[in-house]
Amino acid sequence: MPYAPGDAAKGAGLFKTRCAQCHTLGAGEPHKVGPNLHGVFGRKSGQAGGFSYTAANVNKGVTWDTETLFEYLENPKRYIPGTKMAFAGLKKDKDRNDLVTFLKEATA
């Protein structure tokens, strides 16, 4: 199933409980264990300035958009073998739709 617009409010809740411990969203906010996600849409994997990525992330060369993030967030280690992202993923399509919808609004 491809990405379909979800509920941004529910996505915000998912971000807070599943992502915020490792990622920030706002322009100019610092990186944490994971990179700041501001401007992630349209950016190539492994390209956030000032963050030390694995070669796997840099070499993947995917451009992040709603479809690639939807697929990635199901199982990051399968999508980018060798990533250091410890997150196991969101198995439910609805959860990924909600999270990607939120990220599209919150990282612009």
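Residues numbered from 1 in each chain as written. Predicted model: local features only at pLDDT ≥ 70, side-chain atom pairs only at ≥ 80, totals over all residues. Heavy atoms only, no water.

So, on to the packing of helix α1 (residues 8–18) against helix α5 (residues 93–106). Viewed as axis vectors pointing N to C, α1 and α5 meet at an angle of 95°, and their least axial separation amounts to 7 Å. Comparing their axes, α5 and α1 come out roughly perpendicular. Contacts from Ala8, Lys10, Gly11, Ala12, Leu14 and Phe15 in α1 reach Lys94, Asp95, Asp98, Leu99, Thr101, Phe102, Leu103 and Glu105 in α5. Considering only residue class, the contact of α1 with α5 consists of 7 nonpolar, 2 polar and 5 charged. (Axes fitted to C-alpha atoms, helices over the stretch in contact; angles between N-to-C directions. Helix = DSSP H or I, 4+ residues; strand = E, 2+ residues; numbered from the N terminus. Parallel < 35°, antiparallel > 145°, perpendicular 65-115°, else oblique. Contact = heavy atoms within 4.5 Å. Nonpolar A, V, L, I, M, F, W, Y, C, P; charged D, E, K, R; others polar.)

The positions UniProt marks with the feature "domain: Cytochrome c" (unreviewed entry) are residues 6–107. Here residues 6–107 runs as 41% helix and 0% strand, with 16 Å between its end C-alpha atoms. (UniProt positions renumbered as here; feature names shortened; annotations may be inferred.)

A few words on α5. With 14 residues, α5 ought to run about 20 Å at 1.5 Å a step, and its terminal C-alpha atoms sit 20 Å apart, in line with that. Where the residues of α5 are buried, they touch α1 and α3 (66–72). (Expected span 1.5 Å × (residues − 1).)

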